[in-house]
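What follows is the residue order along each chain.
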Amino acid sequence: MSEYINIFFIILRRDLMLAFRNKAEFVNPLMFFIIVIVLFPLAFGSDSALLKQLTSGIIWVTALLATTLSLETIFRSDFEDGSIEQFTLSRYPLTLLVSAKILAHWITFGLPLIAISLFTGFILSLPNQTIVALCITLALGTPVLSLIGAITVALTIGLRGGMLLSLLILPLTMPVLIFSMLAIQNATIGQPISAEIYFLAGILVLAMTLAPIATAAALRIRLS
Amino acid sequence: MYLPKWLHQFGAPKYFYDLSLCISRWAGIICIICFICGLYGGLVLAPADYQQGDSFRIMYIHVPSAWMSLFVYMVMAIAGGIGLIWRIKLAEIVARSSAPIGASFTFLALVTGSIWGKPMWGTWWVWDARLTSELILLFLYLGYIALQSAFEDRRVAARAGAILALVGIVNIPIIHYSVEWWSTLHQGPTITKLDKPSIHLSMLIPLLFMVFAFKTFYISTLLIRVRSEILEYECNTSWVKQLLGINNGIK
């Protein structure tokens, strides 16, 4: 058992190190995230009342799009240099190795994204309870995006065209968006948000248990 | 994993090719009969609704196609799963052939729902829970079809598609409840309440005929697709060449 935990952290550390050595790869989606958020005030004008209503939704939708972009790289280099093949041949379960990679992706993408959203929320002077709800939903939602995204990335890896990836990810992640926005809306008008949070947490647990298995199966199919 | 021998025989493409012609024809005949009965009952015999007038009659297309859209997705995912686990070629073909039919049913449900919504709700489209989940279902179908067409190897495509369909089927209840909470304008279910349906019998019977007609229509068209897919899959085997009268080496 401890051996498994060990290998999990080895893969995690390896991926984090790779991400920090190749900064552009993980900074670019975050830059995209910031730029798209900036686009909206430019498009809708600086009418702050309207923007305040839209901001949390904009942040969430942009997070979805940025996730699709950032996920493209999650297995690509490993697939190209044959590391994934070595993973499948190793005596450790592929599910475990894949989970470590997904966690690494979330740490390098999801965590900074939450921090940036917190910051954006303050800058755009959202009410405090909205910012809290935004951060909670992002904290529960972005791991789900990484997990579900990993399945579809594994399915489409090596195929041409990133559009296919977004076509597959976005419908599957719509429930997360809906529950998050419900929670944020309720928080803004001062209603309790625990029901939506529980639902999001439930989706997260479900995704955590099933998504790595599906991802591993998808990778095996792509390699066969 | 263990499978009984007759099931293997049933799954053999050549055997199924011969059998499916018969099933497909009978399903088609039953479909036409039920369709005529259902349409006559629904459009002529059934009384006009006391609230919705005659416009409720689009229900006889809308409700069966909405049911079929989910049913076909289930078939697609289950057949895909069977293909994934037992590597049965026929199951893969069934899953693959179901996708365009299911997408068409979903599209039909959306279009008829929209046409029904115009006189009832005053707009073509509302962001109602069931409409939205049906729309997401259409996206799932289109994603599946897009994924299928991205691969060159059919076997790999079928297995990749199976995983996507299975992920989708886990997601469908979540999508359903999420949009249910999100907003709802659609009328509540009237038939699933088995103890006492709130739909009148004279309206229900034609609906059941139509549901049966749609089911048999699905079976019939599915088998036609499956048969042509089998021929494509197996185009290099001797029985297909014999069937098509192609001599070895000469097309």
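Please read all numbers here as calculations on a predicted model, not as lab measurements. (Residues numbered from 1 in each chain as written. Chains lettered and ligands numbered in written order. Predicted model: local features only at pLDDT ≥ 70, side-chain atom pairs only at ≥ 80, totals over all residues. Heavy atoms only, no water.)

**Student:** Help me understand the overall build of chain A in this model?
**Tutor:** The helix and strand inventory of chain A stands at nine helices and zero strands. Counting helices and strands in the order they occur from the N terminus, chain A gives α-α-α-α-α-α-α-α-α. Whereas a compact globule of 224 residues would reach a radius of gyration of roughly 17 Å, chain A reaches 18 Å, a difference of no more than 12%. A principal-axis box enclosing the C-alpha atoms of chain A has dimensions of 55 × 35 × 30 Å. Once local pairs closer than 6 in sequence are excluded, the contacts in chain A between residues at least 24 apart make up 80%. Counting every atom, chain A has about 10,400 Å² of accessible surface; 68% of that belongs to carbon and sulfur. Treating the 11 positive side-chain charges of chain A as one cloud and the 10 negative ones as another, the clouds have centres 4 Å apart. (Helix = DSSP H or I, 4+ residues; strand = E, 2+ residues; numbered from the N terminus. Rg over C-alpha atoms; globule rule 2.2 N^0.38 Å. Contact = heavy atoms within 4.5 Å. Areas by Shrake-Rupley, 256 points an atom, 1.4 Å probe, with all protein chains shown as cover. Lys, Arg positive; Asp, Glu negative; His and termini not counted. Charge placed at Lys NZ, Arg CZ, Asp CG, Glu CD.)

**Student:** It is not clear to me how the interface of chain A and chain B should be interpreted in this structure. Could you clarify?
**Tutor:** Many descriptions give the size of an interface as the accessible area lost when the pieces come together. Every contact between the two is made by 28 residues of chain A and, on the other side, 25 residues of chain B. A buried area of about 2,200 Å², summed over both sides, lies between chain A and chain B, and 87% of it is on carbon and sulfur atoms. Between the two partners, chain A and chain B, sit zero salt bridges. At the junction of chain A with chain B, the criterion picks out one residue pair in polar contact (both at pLDDT 80 or more). When contributions to the side of chain A that touches chain B are tallied by element, the ones reaching two or more residues are α7 (128-156), α8 (163-188) and α9 (194-223) of chain A. Among the elements that line the side of chain A that touches chain B, the one with the most residues is α9 of chain A, at 11 residues. Here the residues of the side of chain A that touches chain B sort into 23 nonpolar, three polar and two charged. (Buried area = accessible area lost by both parts, 1.4 Å probe. Salt bridge = Lys/Arg side-chain N within 4 Å of Asp/Glu carboxyl O. Polar contact = N/O pair within 3.5 Å; in protein donor to acceptor, adjacent residues only side chain to side chain. Nonpolar A, V, L, I, M, F, W, Y, C, P; charged D, E, K, R; others polar.)

**Student:** What is the right way to look at the environment of Leu-164 of chain A in this model?
**Tutor:** If you trace the backbone, Leu-164 of chain A turns up in helix α8. Judged by its relative accessible area of 9%, Leu-164 of chain A falls in the buried class. For the pair formed by Leu-164 of chain A and Thr-152 of chain A, sequence separation is 12 residues and the distance between their alpha carbons is 9.2 Å. Here Leu-164 of chain A is in contact with Thr-156 and Leu-159 of chain A together with Ala-146, Leu-147 and Ala-150 of chain B, once residues within four sequence places are set aside. (Buried < 20%, exposed > 50% of the residue type's maximum accessible area, 1.4 Å probe, protein only.)

**Student:** Please explain the pattern of salt bridges as it appears in this structure.
**Tutor:** Working definition: two side chains of opposite charge can pair if their charged atoms are close together. Residues and elements named next belong to chain A. The final tally for this structure, using the stated rule, is 11 salt bridges over all chains. With a shortest N-O distance of 2.9 Å, Asp-78 and Arg-14 are connected by a salt bridge. Note that Asp-78 is positioned in helix α4 (residues 76-80) and Arg-14 in helix α1 (residues 2-21), a separation of 64 residues in sequence. According to the relative accessible area criterion, Asp-78 is buried, its value standing at 1%. Taken together, the salt bridges that share partners define one network made up of Arg-14, Asp-15, Asp-78 and Lys-101.

**Student:** So what exactly am I meant to see when it comes to the packing of aromatic side chains here?
**Tutor:** For any two aromatic rings, the description comes down to two numbers: the centre-to-centre distance and the angle of the planes. Residue and element names in this part refer to chain A. Summed over the entire model, instances satisfying the criterion amount to 11 aromatic pairs over all chains. With a centroid separation of 4.6 Å and an interplanar angle of 20 degrees, the aromatic rings of Phe-179 and Phe-199 are classed as stacked. With Phe-179 in helix α8 and Phe-199 in helix α9, the pair connects residues that are 20 residues apart, well separated along the chain. By relative accessible area, Phe-179 is classed as buried at 0%. (Phe/Tyr/Trp six-rings, centres within 6.5 Å; stacked < 30°, edge-to-face > 60°.)

**Student:** Sorry if this is basic, but what is going on with unusual backbone geometry here?
**Tutor:** Most peptide bonds take the trans configuration, and most residues that are not glycine carry a negative phi. The residue Ser-125 of chain A is not glycine, and still its phi comes out positive at about 45 degrees. Its location among the elements puts Ser-125 of chain A in the loop between α6 (94-123) and α7. Phi is positive for Arg-87 of chain B, close to 55 degrees, though the residue is something other than glycine. Position of Arg-87 of chain B relative to the elements: it lies in the loop between α3 (59-86) and α4 (89-121). A residue is classified by how much of its surface remains accessible, and Arg-87 of chain B, at 48% relative accessible area, is partly exposed.

**Student:** It is not clear to me how empty space enclosed by the protein should be interpreted in this structure. Could you clarify?
**Tutor:** To find leftover empty space, one rolls a probe the size of a water molecule over the atoms. All told, the structure shown has one cavity of 30 Å³ or more when counted by the stated rule. Estimated volume of the largest cavity: approximately 40 Å³. Residue lining of the largest cavity: Leu-167, Leu-168, Pro-171 and Leu-172 of chain A together with Tyr-73, Phe-139, Leu-140, Gly-143 and Leu-164 of chain B, and that is the complete set. Mapped by element, the contributors of at least two residues to the lining of the largest cavity are α8 of chain A together with α5 (129-150) of chain B. Looking at which element gives the most residues to the lining of the largest cavity, the answer is α8 of chain A, with four residues. Taken together, the residues of the lining of the largest cavity sort by class into eight nonpolar, one polar and no charged. (1 Å grid on protein atoms, 1.4 Å probe; cavity = no way out; pocket = protein on both sides within 12 Å on 5 of 7 lines; lining within 4 Å. Points joined across faces, edges and corners; volume = space filled by probe spheres on them.)

**Student:** For this particular structure, what's the right way to read the nonpolar core?
**Tutor:** For soluble globular proteins, the rule of thumb is that nonpolar side chains tend to be buried together. One finds Trp-60 and Phe-75 of chain A to be the most contacted residues of the largest nonpolar core, which totals 135 residues. With sequence-adjacent residues up to four places away left out, Trp-60 of chain A is seen in contact with Leu-134, Thr-137, Leu-138, Gly-141, Leu-145, Val-176, Leu-177, Ser-180, Met-181 and Ile-184 of chain A. (Core = buried A, V, L, I, M, F, W, Y, C linked by side-chain atoms within 4.5 Å.)

**Student:** Whenever I open this one, α9 of chain A confuses me. Can you help?
**Tutor:** Residues lying three or four places apart along an α-helix face the same way, a consequence of the helix completing one turn every 3.6 residues. Over its 30 residues, α9 of chain A extends 43 Å from the first C-alpha to the last, a length consistent with the 44 Å expected when each residue adds 1.5 Å. The largest bend along α9 of chain A reaches roughly 35 degrees and is located at Leu-210 of chain A, with the proline Pro-212 of chain A sitting one to four residues downstream. (Expected span 1.5 Å × (residues − 1). Bend = angle between axes of the 7 residues up to and from the residue.)

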